[in-house]
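Read off the chains here:
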Amino acid sequence: MDDFKKILSRMIELLRDGEFPMFNILEIIISENNNSSYRSIFLAIKDDVFNDGKSMTEQMKRHPELFPEKIIELISIGEQTGELEEALRKSVELLSTSNSL
């Protein structure tokens, strides 16, 4: 989960900069990630969200091995409210405080 926390932290950093839309953020995450499993999952999410118009959380649900249900719920709320950066930050905090996800 440490690698996953790093991914979420990097997404927060890129969102905070405000220079990148989510499509570019996912592309950066994909290109910077050395874990081939994570890279393929994020590539599939990017393609499904931006090519097929599906929500990010809808696609995250397809990968429970990476995205615990509580994280998906937080991201879903962030998508719905426009507070994705805050949802990602809370996800990192949750992962940091709980190993039982």
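Relevant structure appears above.
Cut-offs used in this document
Each chain has its residues counted from 1, following the order in which its sequence is written. With pLDDT at 70 or above as the cut-off, local features in this predicted model cover only qualifying residues; side-chain atom pairs require 80 or more to be listed or tallied, and sums for whole chains, interfaces and linings still use all residues. Side-chain calculation: all heavy atoms of the structure are included, whereas hydrogens and water are not. Starting at the N terminus, helices and strands are each numbered in turn, a helix being any DSSP run of H or I of at least four residues and a strand any DSSP run of E of at least two. Only C-alpha atoms enter the radius of gyration; for comparison, a globular chain is expected to reach 2.2 Å times N to the power 0.38, where N is the number of residues. The buried label goes to any residue with under 20% of its type's maximum accessible area, the exposed label to any with over 50%, and the partly exposed label to all in between, with areas taken from a 1.4 Å probe on protein chains only. Here a residue-residue contact requires only that any non-hydrogen atoms of the pair lie within 4.5 Å. In summary, the pairing rule links any two rings of Phe, Tyr or Trp, Trp by its six-membered ring, whose centres are within 6.5 Å, and it sorts them by plane angle into stacked for under 30 degrees, edge-to-face for over 60 and tilted for everything else. One speaks of a salt bridge when a side-chain nitrogen belonging to Lys or Arg is within 4 Å of a carboxyl oxygen belonging to Asp or Glu. An expected span of 1.5 Å times one less than the residue number is assigned to each helix. Side-chain atoms alone can form a polar contact between residues adjacent in sequence; in general such a contact is a pair of N or O atoms within 3.5 Å, and within protein one must be able to donate a hydrogen while the other accepts it.

Let's shift gears to the overall build of the protein. Each helix and strand counted, the protein has six helices and zero strands in total. Across the protein, helices and strands are ordered from the amino to the carboxyl terminus as α-α-α-α-α-α. For the protein, whose C-alpha radius of gyration is 12 Å, the value lies close to the compact-globule estimate of 13 Å for 101 residues. Along the three orthogonal principal directions, the C-alpha set of the protein runs to about 35 × 30 × 25 Å. Relative to its full complement of 101 residues, the protein shows a buried share of 41%. Counting only contacts in the protein whose residues sit at least 6 apart along the sequence, the fraction spanning at least 24 positions is 46%.

As a further point, take the packing of aromatic side chains. Under the definition given, this model contains two aromatic pairs. For the ring pair F23 and F50, a centre distance of 5.1 Å and an interplane angle of 90° mean the geometry is edge-to-face. Here F23, found in helix α2 (residues 22-32), pairs with F50, found in helix α3 (residues 36-52); they are 27 residues apart in sequence, far enough to count as distant. For F50, a relative accessible area of 36% gives the class partly exposed.

A separate point is the pattern of salt bridges. All told, the structure shown has seven salt bridges when counted by the stated rule. Linking K46 and E27 is a salt bridge whose minimum nitrogen-to-oxygen distance equals 3.4 Å. Remark: E27 occurs in helix α2 and K46 occurs in helix α3; sequence separation between them is 19 residues. Given the relative accessible area of 8%, K46 is considered buried. Across the pair R62 and D48 runs a salt bridge whose closest N-O atoms are separated by 2.8 Å. Remark: D48 occurs in helix α3 and R62 occurs in the loop between α4 (56-60) and α5 (69-81); sequence separation between them is 14 residues. D48 gets classed as buried once you look at its relative accessible area, which sits at 14%.

A few words now on α3. Helix length check: α3, at 17 residues, gives a terminal C-alpha distance of 23 Å against a target of 24 Å (1.5 Å per residue), a fit within 8%. The complete set of buried residues in α3 reads Y38, I41, F42, I45, K46, D48 and V49. On its buried face, α3 is in contact with α1 (2-17), α2 and α4. Where α3 starts, the residue carrying a side-chain oxygen 2.9 Å from the main-chain nitrogen of S37 turns out to be N35. Where α3 ends, the next residue or the one after it, G53, has phi of about 70°, a positive value.

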